[in-house]
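Residue-level structural notes
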Amino acid sequence: MAKLTFLGAVGEVTGSRYLIETDKSTLLLECGLHQGGAQADRANQASLVKLARRVDAVILSHGHLDHSGLVPKLVHDGYRGPIYCTPGTLDLLKIMWRDAAVVMGKDVEWENKWRRRADKRLLDPIYEDEDVERALNLCEPIPYRRLEQIKGSVGLMYHDAGHILGSAIVELTVPSGGRERRLVFSGDLGNPDSVLMHSPTRLEHADRVLMESTYGNRNHRPMEDTIEELAGILEQAHADGGNALIPAFAVGRTQEVLYHLSMLYQAGRLKHQRVFLDSPMAIEVTELYARRRKALDPKDLERLEQNGNGELAEALPPLQFSRSVEDSMAINRIQGGAIIIAGSGMCNGGRIRHHLKYNLWRQDAHVIFVGFQAAGTLGRRLVDGVEKVKLLGSEVAVKARIHTLGGFSAHAGQSQLLDWAAAFRDRPAFHLVHGEPEAQKALAEALKRQHGIEANIPGLGDSVEI
């Protein structure tokens, strides 16, 4: 019998990793970074040598680092097999893995400065540029809806998950006990109310379903209400005379925020004279989205066409791309009247930390969170109301107003997850992953109550027969 083992993203939303063992092959579904504090850092540093020796193929659902970010480390530790993904995901991996290697290198360099002074053991980066390039060369893109036979007579088909460019629901046909069993992994299911992406594909047949549960305990606000709230916050920030900071994920969320800012501008509702996108990776991804227009929702593109000839720069004239470090540092001299979009989305790294250092202590500043903040991250601490934080060696009081706009989430909310699960006709066994315990429990109860689905919540290292 084939076996599925849960190696990550159980009881948490990061570190996605699942092992599939058949009589003929061993497959790794996802290999994601852990995010959120020192414990996550230790998990990312752990050796993958034994896993790299066992695995015949890697299958990725999409490019977000919590799903794909440890693949270059797996390659560093010896893996040389194929890495399957969609063409859109491969385009993103070329940007995201390379950026991650640079960021990790800089973080380690910074950390080692004080370690030398303290006579402590120096750290090595999790992986470096050559590991990334080797991993990219192993990638084999597969378009949506094309059945591919991979190692061990396993069938692989990708379906559009509607989350970010190239994101996929993974459908695997696995030989087990003399017959074929169908395993479906939701990946990250998109929010149908989000712009630019299509709605997630609804599948009808499976024997086992791994379903994400990030927002398993709540629904998102209607998009119209979210846009109105964003407009109101920005109007208040303008009236207060301070800056508005938007920590944004470089992939997906940034492009959605820019889209809505352009619509507000065209409607005469954006009073800020300057909008900065201060993230080299987000700039690259925004330009990639423009090149991959055919993969985006045509109705949203039509609105952009009407307001800016299809070009973001024309739809949002105040927008400035801050590519260099010097450009980013110049923004810190602006004390009011600017909207600053910068990564990382959970404030654990990137240029947003510099902007927080210069703005958090100001009562006229506003920080607008537009995405999920995992436990242990700086973003989560700010959302939870921390009064002081340490940033880049300095203690900073939190005087700025903190806002959370859940409606912008690129994840499906509870009712949308329930709707997706209800489409399966074969009453498959469900396993809830990618969620914190409270969200998983709430979703399991809702699945039972509304659809009679008994959903399992696996623990780390648990195994089930496929």
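Our subject is the structure that appears above.
Reading the values: the criteria
- Residues numbered from 1 in each chain as written.
- Predicted model: local features only at pLDDT ≥ 70, side-chain atom pairs only at ≥ 80, totals over all residues.
- Heavy atoms only, no water.
- Axes fitted to C-alpha atoms, helices over the stretch in contact; angles between N-to-C directions.
- Helix = DSSP H or I, 4+ residues; strand = E, 2+ residues; numbered from the N terminus.
- Parallel < 35°, antiparallel > 145°, perpendicular 65-115°, else oblique.
- Contact = heavy atoms within 4.5 Å.
- Nonpolar A, V, L, I, M, F, W, Y, C, P; charged D, E, K, R; others polar.
- Core = buried A, V, L, I, M, F, W, Y, C linked by side-chain atoms within 4.5 Å.
- Buried < 20%, exposed > 50% of the residue type's maximum accessible area, 1.4 Å probe, protein only.
- Phe/Tyr/Trp six-rings, centres within 6.5 Å; stacked < 30°, edge-to-face > 60°.
- Pairing = 2+ DSSP bridges.
- Left-handed = near helix turned anticlockwise from the far one by under 90°.
- Salt bridge = Lys/Arg side-chain N within 4 Å of Asp/Glu carboxyl O.
- Patch = residues over 30% accessible without salt bridge, like charges linked within 9 Å, V, L, I, M, F, W, Y side chains within 5 Å.
- Areas by Shrake-Rupley, 256 points an atom, 1.4 Å probe, with all protein chains shown as cover.
- Lys, Arg positive; Asp, Glu negative; His and termini not counted.
- Charge placed at Lys NZ, Arg CZ, Asp CG, Glu CD.

Attention now goes to the packing of helix α7 (residues 223-240) against helix α8 (residues 253-266). α8 packs onto α7 with a crossing angle of 70° between their chain directions and a minimal axis gap of 11 Å. Accordingly, the angle class assigned to the pair α7 and α8 is roughly perpendicular. Two secondary-structure elements touch here, α7 through Met223, Ile227, Leu230, Ala231 and Leu234 and α8 through Glu256, His260, Leu261 and Leu264. Per-class residue counts for the contact of α7 with α8 are seven nonpolar, one polar and one charged.

Turning to the nonpolar core, a few remarks are in order. By size, the foremost hydrophobic cluster in this structure holds 104 residues, and its most contacted members are Ile59, Tyr79, Ile83, Trp97, Leu261 and Ile341. When residues of this core are assigned to their parent elements, the largest contribution, nine residues, is made by helix α5 (residues 87-117). When sequence neighbours within four positions are dropped, the list of residues in contact with isoleucine 341 reads Ile246, Ala248, Thr254, Val257, Leu258, Leu261, Val275, Phe276, Leu277 and Asp278. In this structure, Phe430, Leu443, Ala446 and Ile453 belong to the second largest nonpolar core, which totals 22 residues.

This paragraph deals with the packing of aromatic side chains. Under the criterion given, the structure shown has five aromatic pairs. Ring geometry for phenylalanine 6 versus tyrosine 18: centroids 6.1 Å apart, planes at 85°, classification edge-to-face. On the criterion of sequence distance, the pair formed by phenylalanine 6 in strand β1 (residues 3-8) and tyrosine 18 in strand β2 (residues 17-21) is long-range, its members being twelve residues apart. Each member of the pair, phenylalanine 6 together with tyrosine 18, is buried. Each ring, one from tryptophan 420 and one from phenylalanine 424, has its centre 5.2 Å from the other, and the planes form 85°; the classification is edge-to-face. With relative accessibility at 3%, the residue tryptophan 420 sits in the buried group. With relative accessibility at 8%, the residue phenylalanine 424 sits in the buried group.

On to the pairing of strand β3 (residues 26-29). What you see with β3 is no split at all: Thr26 and Leu28 on one side and Leu27 and Leu29 on the other are buried throughout. The turn linking β2 back onto β3 is made up of four residues.

With respect to topology, seven strands assemble into an open sheet ordered β6-β5-β4-β3-β2-β1-β22, the strand pairing being mixed. Two strands close off the open sheet at either side, each with one partner strand: β6 (139-141) and β22 (463-465). Pairwise comparison of adjacent strand axes, ignoring direction, gives a mean angle of 25° for this sheet. Of the strand pairs in this sheet, β1 and β22 are connected by three bridges, and their pairing is antiparallel. For threonine 5, the partnering residue across the bridge sits in β22 and is serine 463.

Following glycine 343, the chain continues into serine 344 via a peptide bond in cis, with omega recorded as 10°. Within the fold, serine 344 resides in the loop between β15 (338-342) and α13 (352-359). One non-glycine residue, serine 153, adopts positive backbone phi at about 60°. Tracing the backbone shows serine 153 in the loop between β7 (148-150) and β8 (154-160). For serine 153, a relative accessible area of 41% gives the class partly exposed.

Relative orientation of the contacting elements helix α15 (residues 414-422) and helix α16 (residues 437-451) amounts to 50°, with a least axis distance of 10 Å. The orientation of α15 relative to α16 falls into the category oblique. Along this stretch, α15 crosses α16, giving a crossing that reads as right-handed. Listed contacts from α16 to Gln414, Leu417, Leu418, Ala421 and Ala422 of α15 are Ala442, Leu443, Ala446, Leu447, Gln450 and His451. Within the contact of α15 with α16, the residues separate by chemical class into eight nonpolar, three polar and no charged.

For the structure on display, the rule yields 21 salt bridges. For glutamate 171, the salt bridge identified is with arginine 182, shortest N-O distance 3.4 Å. Taken as a pair, glutamate 171 in strand β9 (residues 168-176) and arginine 182 in strand β10 (residues 179-185) lie far apart in primary sequence, eleven residues in all. Close ionic contact of glutamate 395 with lysine 388 constitutes a salt bridge, the shortest N to O distance being 3.9 Å. The structure contains a network of salt bridges with shared partners spanning Lys3, Glu21 and Arg54.

All right, on to the sheet that holds strand β19 (residues 401-404) then. Strand order in this open sheet of six strands is β14-β13-β15-β12-β16-β19, and the pairing throughout is parallel. Each having just a single partner strand, β14 (319-321) and β19 make up the two edges of the open sheet. Put simply, the sheet's adjacent strands are angled 20° from each other on average, direction ignored. In this sheet, β14 lies alongside strand β13 (residues 274-278) in parallel orientation, the contact comprising three bridges. Among the inter-strand pairings, phenylalanine 276 is bridged to a residue of β14, identified as glutamine 320. In this fold helix α9 (residues 280-291) packs onto β13 and β14, with an angle of close to 100° to the strand it touches most, β13.

So, about a negative patch on the surface. On the surface, a cluster of negative charge is made up of Asp124, Glu128, Asp129 and Glu130. Position of aspartate 124 relative to the elements: it lies in the loop between α5 and α6 (129-138). Classification of aspartate 124 by relative accessible area gives exposed; the value is 58%.

By themselves these figures say nothing about function.
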